[in-house]
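Below, each chain spelled out in residue letters.
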Amino acid sequence: MQIKILHTADWHLGKRLQEASRLEEQKLVLEEITEIANSEDVDLVLIAGDIFDGFNPSHEAIELLYKTLRKLSKNGQRPIVAISGNHDSTQFIEAPDPLAREMGIFFYSRYDSIIPTGKLDSGVEVVASDKGFVSLKLPHLDFPVRILLAPYANEVSLRTYLGEGDRENELRKVLEEKWTGLAKQYCDTKGLNLFLGHFFFVKEGTTPEKEPESERPILHVGGTQALYTSNIPSQIQYAALGHLHRYHATTKSPFPVVYSSSPLAYSFSEAGQEKQVVLITGEPNKPVDYKPIPLKQGRKLERKKFNELDTALKWLEENPNCFVELTYETENSIDAATRKSLLQAHDGIINLIPHIKNLTEDANDELQVEDLDKDMNSLFNMYYKSEKGQLPNEELMSIFREILSQDNKI
């Protein structure tokens, strides 16, 4: 007998693309995820952190989460295990846990939390639990599902465990020892053993995957950039991760360590990415099977560059259902008429960037050590010109001066 599990992460409910709301897209893609879970007859859902986009989510984002989880859990028949990520408030994620738990929805965000044992009305039973661990028994399965729970941990949540030496290695050591201890105690070959985490993992000795622009970089204590896949215990059969927004397996051996991807593209660095969830099929003491399932809902993000207005307008007309970062090549700045034509042609232009043709590099424009004695207005002018190829207009300078004046009052 096998279990089917759906792995998803990084919903970022309430996320905006600058001023553009993504809430309606999020409603559609979460409905799609629910439909996939139903059509694939999934037994269990894992959500690997960053449920919300901020510590104080909006009422609309909270309502969307609860409505989605009710449908995704099939009114309590399908258990869901969700951990917090670095965008989530630990207190907020666990706040609804007692009521949600009656629906088979288990929120976990603090390393010192213990999920109460016992059987729910649905027949799902928490047969064992510990700090950072839960074992579930589903009524139609003859084996338990053990999950090591690894929500995002910062210096505050782990300060009692860390010394004052090499904190980067100390963090890896502390977490590995904790996970290894739990695995030795609970994860034998008679159950399916899983890891659910929200960390930046790399295979030791490889180049780290770049974190998406829409993510706050995970800077652990001492500036730790990443944990190693070898820190995850060998008893684990599948590690379900969140934080990186592109689907990929960090490693496939001795077991898959997989980022499911976010359900929508949340920054233009993710333009062109196919968003997915992961379907896992497994049983005790055997390698799991897993496959990504593409998601179709949501507006795509596109980065486009044009040097002719007619060509740009034609592409915009042919591609209405996307958000666009449009770079327009011009001799000087984009004139008002061209800007107006482009912005009126498409409601999804988020950034309109001038690219100045034949711009010569002037060494005098580069910031030198002696320039640090210049006033802030001059430094901002130099920076803006080096980045944009032209001086900032008076409106932008006025805003900059206002920010400076406010900063001086603090």
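Data block above holds the structure.
Reference entry: report on the structure contained in this document. Quick caveat, the model's predicted, so the values are computed rather than measured. (Residues numbered from 1 in each chain as written. Predicted model: local features only at pLDDT ≥ 70, side-chain atom pairs only at ≥ 80, totals over all residues. Heavy atoms only, no water.)

**A word on the sheet that holds strand β14 (residues 238-242)**
Reasoning step 1: Across the sheet, which stays open at both edges, the 8 strands sit in the order β7-β8-β9-β10-β11-β14-β16-β15 with mixed pairing between neighbours. A single partner strand is all that each edge strand has here, and the edge strands are β7 (118-119) and β15 (248-251).
Reasoning step 2: Note: strand β9 (residues 133-137) against strand β10 (residues 145-150), 4 bridges, orientation antiparallel. Considered in β10, the bridge of V134 is made with I147. (Pairing = 2+ DSSP bridges. Helix = DSSP H or I, 4+ residues; strand = E, 2+ residues; numbered from the N terminus.)

**Some remarks on the side chain of T281**
Reasoning step 1: Relative to the elements of secondary structure, T281 occurs in strand β17 (residues 276-282).
Reasoning step 2: Relative accessible area serves as the criterion here: at 17%, T281 is assigned to the buried category.
Reasoning step 3: For T281, the contacting residues outside a window of four places in its chain are Q2, I3, K4, V288 and D289. (Buried < 20%, exposed > 50% of the residue type's maximum accessible area, 1.4 Å probe, protein only. Contact = heavy atoms within 4.5 Å.)

**As for helix α1 (residues 23-39)**
Reasoning step 1: For α1, which comprises 17 residues, the first-to-last C-alpha distance of 24 Å matches the rise-based estimate of 24 Å (1.5 Å per residue) to within 8%.
Reasoning step 2: Looking only at α1, the buried set comprises L23, E25, Q26, V29, L30, E32, I33, T34, I36 and A37.
Reasoning step 3: The inward-facing, buried residues of α1 abut β1 (3-8), β3 (20-21), α2 (59-72), β17, β18 (289-294) and β20 (322-330).
Reasoning step 4: Positive backbone phi, approximately 55°, marks D41, located one or two places after α1. (Expected span 1.5 Å × (residues − 1).)

**A word on the sheet that holds strand β5 (residues 80-83)**
Reasoning step 1: Taken together, the 6 strands give an open sheet; going across it, the order is β6-β5-β4-β1-β17-β18, and neighbouring strands pair in mixed fashion. Unpaired on one side and paired on the other, β6 (105-108) and β18 mark the two borders of the sheet. Neighbouring strand axes in the sheet, compared pairwise and without regard to direction, differ in orientation by 20° on average.
Reasoning step 2: Note: β1 against strand β4 (residues 44-48), 4 bridges, orientation parallel. Residue pairing across strands places T8 opposite I47, the latter belonging to β4.
Reasoning step 3: Across the face of the sheet, α1 comes into contact with β1, β17 and β18 while running at roughly 165° to β1.
Reasoning step 4: Most of the contacts of α2 go to β6, to which it runs at about 130°, and overall it touches β4, β5 and β6. (Axes fitted to C-alpha atoms, helices over the stretch in contact; angles between N-to-C directions.)

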